[in-house]
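So the chains spell out like this:
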Amino acid sequence: MQATKKTHVRYLILLMLFLVTTINYADRATIAIAGSSLQKDLGIDAVTLGYIFSAFGWAYVAGQIPGGWLLDRFGSKNVYAFSIFTWSLFTLLQGFVGGMPVAWAVVTLFALRFLVGFAEAPSFPGNARIVAAWFPTQERGTASAIFNSAQYFATALFAPIMGWIVFSFGWEHVFIVMGALGILFSMVWLKTLYNPRQHPRISPAELDHIERNGGLVDMDQKRGNDGPKWGYIKQLLTSRMLLGVYLGQYCINAITYFFLTWFPVYLVQERGMTILKAGFIASLPAVCGFIGGVLGGVLSDWLLRRGNSLTFSRKLPIVCGLLLSTTMVFCNYVEAEWMVVGFMTLAFFGKGIGALGWAVVADTSPKQIAGLSGGLFNTFGNIASITTPIVIGYIISATGSFKWALVYVGANALVAVFSYLVIVGPIKRIELKEPPKGEPAPRAELARQ
């Protein structure tokens, strides 16, 4: 630990979170970019493609609470590194299903997407834990917004690249390239990430600044042998504030998963673009989503530093951004490509501003179960990763167009606004009550049975 000067190691940690989340979302988007070509090659309909899109979500949701528990039990560094390696391996393997008979290819692709989802489950709870440990309260909104905005940067950077790979070499190759990239990054992660007290480059001045201003620098110290007590979950589920946040995150993620799954297909099938053009066009809303995502966090922290309450500082960008995201519905009433792209760009920009849910989680999670709390939040939010692709698939199958699909996504934004305005109430950190003494963790209880 450096003793002579103040360091800014937390910004290196934030860069790592940004990069790993970029790879995370790029791997999620591979199936969307490959979707139109894959559908044609395998001869599958919109409903089947919708179920393949949703495979990630089923496992991602199922893995959130176990993933959060593992983070609290074993710490962020090692659990996250294993997560990166395994999801990247399963992404790479998807590149080898094209030679199978159609039925086997569909089943194998669904299974591999399912495994990717399960392996990625600790990622965002891990991000929230690391931000809570490394950043003071008044920097946390910006830090959370920056790692969360990587989802838009991933599309902006990789959608054109992946579109070119599909166009030039075939859809299988996009999985191989992205999987190999993730495996390499997992090695970099192990060499770079540490807890605040253990980082070899942090100075006492920076550590003191983080700790004195609300950073939970001891989060990964003194974990009990049995891990966090699951009885705490009941206390989280009886909080009206958190239930409102969970509902809001579900609706926000419905917008996210439209862009991650059906949006490139919409551009190809509804607007008649080539897959190469769709890859480039899909990057434009993502660029503005990235700008909006960073802007939302910066604005929220600026409001907080100006003396406004935590509640007002977090809710104002969320509500305004989500209202702006409803503009995607106007795409149903225009024909010009530039207007379609404009409205989608405006909608994604607004969604970026409003995507402050992870900052709220970092603000409210008890340090004893920060991973578990983040996992529960992400469980509710990512139910949308299951429902949105499937619902849109059925809407397209029933109506033959995307018009009502856009209405469905826009309506989710309005429900999220209602949730934050009416249900959430004041935003504050949850103080846990200790469960009855001697309450066993699930593992201990099973061992006695």
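Preceding this section is the structure that the text describes.
Here the structure is a predicted model, which is why all the values come from computation and not from measurement. (Residues numbered from 1 in each chain as written. Predicted model: local features only at pLDDT ≥ 70, side-chain atom pairs only at ≥ 80, totals over all residues. Heavy atoms only, no water.)

Let us now look at the overall build of the protein. Per the secondary structure count, the protein includes 19 helices and zero strands. Counting across all 449 residues of the protein, residues that qualify as buried make up 61%. Put simply, 84% of the contacts in the protein that link residues at least 6 apart link residues at least 24 apart. Of the roughly 17,400 Å² that the protein leaves accessible, carbon and sulfur atoms contribute 68%. (Helix = DSSP H or I, 4+ residues; strand = E, 2+ residues; numbered from the N terminus. Buried < 20%, exposed > 50% of the residue type's maximum accessible area, 1.4 Å probe, protein only. Contact = heavy atoms within 4.5 Å. Areas by Shrake-Rupley, 256 points an atom, 1.4 Å probe, with all protein chains shown as cover.)

Right, let's talk about the packing of aromatic side chains for a bit. Per the stated rule, a full pass over the model turns up 15 aromatic pairs. Seen from their ring centres, Trp164 and Phe169 are 5.3 Å apart, and the 85 degrees between their planes marks the pair as edge-to-face. In this structure an aromatic cluster arises from ring pairing among Phe258, Phe259, Trp262, Phe263, Tyr266, Phe348 and Phe402. The side chain of Lys77 reaches across the aromatic face of Tyr194, ending 4.0 Å from its centre. (Phe/Tyr/Trp six-rings, centres within 6.5 Å; stacked < 30°, edge-to-face > 60°. Lys NZ or Arg CZ within 6 Å of the ring centre and 35° of its normal.)

Examined against the element boundaries, Asn332 turns out to sit in the loop between α13 (310–325) and α14 (337–354). In contact with Asn332, other than residues within four places in its own chain, are Phe402, Lys403, Leu406 and Val407.

Moving on, we come to the layout of surface pockets. Quantified by volume, the second largest pocket comes out at close to 260 Å³. Taken together, 15 residues make up the lining of the second largest pocket; nearest its centre are Leu70, Phe82, Phe118, Ala119 and Pro122. With six residues, helix α4 (residues 76–93) is the single largest residue contributor to the lining of the second largest pocket. By residue class, the composition of the lining of the second largest pocket is ten nonpolar, five polar and no charged. (1 Å grid on protein atoms, 1.4 Å probe; cavity = no way out; pocket = protein on both sides within 12 Å on 5 of 7 lines; lining within 4 Å. Points joined across faces, edges and corners; volume = space filled by probe spheres on them. Nonpolar A, V, L, I, M, F, W, Y, C, P; charged D, E, K, R; others polar.)

We now examine the pattern of salt bridges. Applying the stated criterion across every chain, the model contains five salt bridges. Residues Arg212 and Asp208 are paired through a salt bridge, measuring 3.1 Å at the closest nitrogen-oxygen approach. Of this pair, Arg212 and Asp208 both sit in helix α9 (residues 204–212), separated by four residues, roughly a single helical turn. Of the charged contacts in the structure, one is a salt bridge between Arg314 and Asp301, with a shortest N-O distance of 3.1 Å. Note that Arg314 is positioned in helix α13 and Asp301 in helix α12 (residues 275–305), a separation of 13 residues in sequence. Judged by relative accessible area, which is 0%, Asp301 ranks as buried. Connected through salt bridges with shared partners, the residues Arg10, Glu139 and Glu206 form a single ionic network. (Salt bridge = Lys/Arg side-chain N within 4 Å of Asp/Glu carboxyl O.)

Applying the stated rule across the entire model yields six cavities of 30 Å³ or more. Put simply, the largest cavity is a space of about 100 Å³. If you list the elements that add at least two residues to the lining of the largest cavity, you get α1 (9–42), α7 (137–169), α11 (240–269) and α15 (357–364). Here the lining of the largest cavity gets four residues from one element, more than from any other, and that element is α11.

Here the focus is the packing of helix α3 (residues 64–74) against helix α6 (residues 123–134). Running from N to C, α3 and α6 point in directions that differ by 35 degrees, and their axes come no closer than 9 Å. α3 and α6 meet at a crossing whose hand is right-handed. Of α6, the residues touching α3 (which contributes Gln64, Leu71 and Asp72) are Pro125, Gly126 and Arg129. Counted by class, the contact of α3 with α6 contains two nonpolar, two polar and two charged residues. (Axes fitted to C-alpha atoms, helices over the stretch in contact; angles between N-to-C directions. Left-handed = near helix turned anticlockwise from the far one by under 90°.)

The terminal C-alpha atoms of α11, which comprises 30 residues, lie 42 Å apart, in line with the 44 Å expected from a rise of 1.5 Å per residue. Its axis deflected by about 55 degrees at Trp262, α11 carries its strongest bend there, up to four residues before the proline Pro264. Of all 30 residues that make up α11, 26 are buried, and the element is covered over most of its length. (Expected span 1.5 Å × (residues − 1). Bend = angle between axes of the 7 residues up to and from the residue.)

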